[in-house]
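Observations on the model geometry
Next come the chains, spelled out residue by residue.
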Amino acid sequence: MAGPNELLAALDGVGADRRRGGYSRHVFDDAERELREWFVEQAEARDLRTTTDQNANVWAWWGDPGEGAVVTGSHLDSVPGGGAFDGPLGVVSALSSVDLLRANGFTPRKPLAVVVFAEEEGGRFGVPCLGSRLLTGTIDADRAGALRDPSGVTFAEAMRSSGADPARIGRDEAALRRIGQFVELHVEQGRGLIDLDRPVAVASSILAHGRWRFRFSGQGNHAGATLISDRRDPMLPASQLVLEARRIAAGVEGGRATVGRLVPNPGGTNVIASAVDVWLDARSPGDRPTRSIVEDLSGAAAKFAAAEGCELDVTEESYADTVHFDAALRDRLSGLLDDAPALPTGAGHDAGILAAEVPTAMLFVRNPTGISHAPEEHAEPEDCDSGAHALAKCLAHLAG
Ligand code: HGY
Ligand code: MN
Ligand code: MN
Ligand code: MN
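The structure displayed is predicted, hence computed values, not measured ones.

Quick look at the packing of aromatic side chains
All chains considered together, the criterion is met by seven aromatic pairs. Feature note: the residues Trp 59, Trp 61, Phe 117 and Phe 182 constitute an aromatic cluster, connected by ring pairs. Above the face of the Trp 62 ring, Arg 102 is positioned so that its terminal group lies 4.5 Å from the ring centre. Its end group placed over the ring of Tyr 319, Arg 291 keeps NZ or CZ at 3.8 Å from the ring centre.

A look at the domain arrangement of the protein chain
Segmenting the protein chain into domains produces domain 1 (4-207 + 322-399) and domain 2 (209-320). Counting from both sides, the interface comprises 14 residues of domain 1 and, opposite them, 13 residues of domain 2. Across the domain 1 to domain 2 interface the summed buried area is about 1000 Å²; carbon plus sulfur atoms make up 43%. For the domain 1 face of the interface with domain 2, the top three residues by lost area are Arg 133, Leu 207 and Thr 322, together amounting to 49%.

Topic: the packing of helix 3 (residues 88-103) against helix 13 (residues 381-399)
Packing of helix 3 against helix 13 brings their axes to within 8 Å, and their N-to-C directions diverge by 60°. With respect to helix 13, the element helix 3 is oriented oblique. Crossing of helix 3 over helix 13 shows right-handed handedness. From helix 3, Leu 89, Ser 93, Ala 94, Ser 96, Ser 97, Leu 100 and Leu 101 reach across to helix 13, where they touch Cys 384, Ala 388, His 389, Leu 391, Ala 392, Leu 395 and Ala 396.

Rules of the game
- Residues numbered from 1 in each chain as written.
- Chains lettered and ligands numbered in written order.
- Predicted model: local features only at pLDDT ≥ 70, side-chain atom pairs only at ≥ 80, totals over all residues.
- Heavy atoms only, no water.
- Phe/Tyr/Trp six-rings, centres within 6.5 Å; stacked < 30°, edge-to-face > 60°.
- Lys NZ or Arg CZ within 6 Å of the ring centre and 35° of its normal.
- Domains from an automatic or database assignment.
- Contact = heavy atoms within 4.5 Å.
- Buried area = accessible area lost by both parts, 1.4 Å probe.
- Axes fitted to C-alpha atoms, helices over the stretch in contact; angles between N-to-C directions.
- Helix = DSSP H or I, 4+ residues; strand = E, 2+ residues; numbered from the N terminus.
- Parallel < 35°, antiparallel > 145°, perpendicular 65-115°, else oblique.
- Left-handed = near helix turned anticlockwise from the far one by under 90°.

Shown next, in the form of C-alpha cells:
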C-alpha cells in the first residue's frame, strides 16, 4: 500500500534535467525506459497483469483483460525541463487508488486497467499524444513511424531498438473495445482550483489546439564578409513571426500562440542561417478562432519572408479540435466528489484523444503555483492524497 506521494518520491531524480531544471523524459530514452520498468514492477507487485500494446502504451489489468473495462492512467514522459507532476501524478494516483480499493475489500465487477500512454508530450517526435493517437488511429501509422527526433532517429527505429515491432503500430480495435470508460487524473495546469479553494475538480473541456512548423529559407553566408544589403537572412522573418504571434493571439478571445522552439540551421554564431524552423503552438476555445490565428499568422509570415527574399513553408504537425467531456459522466463524478467544480483546461491530454471514442472524464488536482511545463509545477501532499481518494471513489462507482 503506497500513497501517491510515496510513489512520486520513487521517481525523484529520474530524468532530472541539469541544464534546464525539472525533468526531461522522452519516449524510449533512458529515463522514460526506467519509468516504464518502474511502472511494470509496481503493477506486478499489485498482481496487475501488464502488457505493452502495439503502440508502446503499457497496460496493467486488475483481473482478466476484457471488453467494457474501466480504465484510468496518464503518461510518464515530460516536456523538456518539465515538472514532476504532469503525467506521473495520474499514474501514481491510479496505482494508489488500486491499493485504496483493495484495502477497502473492493472487487471490481468489470475489468479495470491502468494505462501509461506513450509520448503524450511529443517531446521527442513532435506529435503530442502519439500513443493515444495511434491507438485511436487519429494519426496515420506510416507518418507516425517516419517521425524523426532532433537527432534524425525515426519513431519506428526507436521502437525497434526498444524491442517492439513498429510494423504493427496503428488503430487497435481490440484495445479500444476493451475500454468502456476512461478517467484520467492530472495535476491542474492553471489556477482554477486555487481561486476556488478546492483540492479536486472534474474537467469540462479542452481547447482546440495544434502545432505548426514555419520553415523560413534564405541564404547561408558568412557573418562578416556579407554586406547587410546582400543578405537573405531567415532569422529576420522568424523573429517577426514570434512578435506577430503574440499580437494576433491577444486579439482572439481566449486565444493563445506560443513559440517555444526556434531552430536555426546550421546554428553557428558567425553564420547567417540558411534556414530557421519556428514551431507555433496555437490554441483557443474553438476550431475557427484557432484556425484564424494560424491563417492570419501564415499571411503575415509570407510577407515577412518576401521582404527578406526568403522562402516560407508552413506544415501542420498536429491538431485536435475542442473537446467537451461527456457531460453525464462529468456530472456523475462531480456529484460523487462533493460537487467538485467542472473546469476547462488549456492543456491537451490523452483523455482528449480518447473522448472521441469512449465516455471519458478527467480529474484535476490543485496546483498551488498554477505553473506547469516548468520545474515550479507543484501539488501539495494532502491534495495528492485527496486526488487518489477521489479517483478511487470514481473507479469504485464505475467498476463496482
Ligand atoms: O501540450 C499540452 O497541452 C499537453 O501538456 N501535452
Ligand atoms: Mn503536459
Ligand atoms: Mn500531461
Ligand atoms: Mn572562417
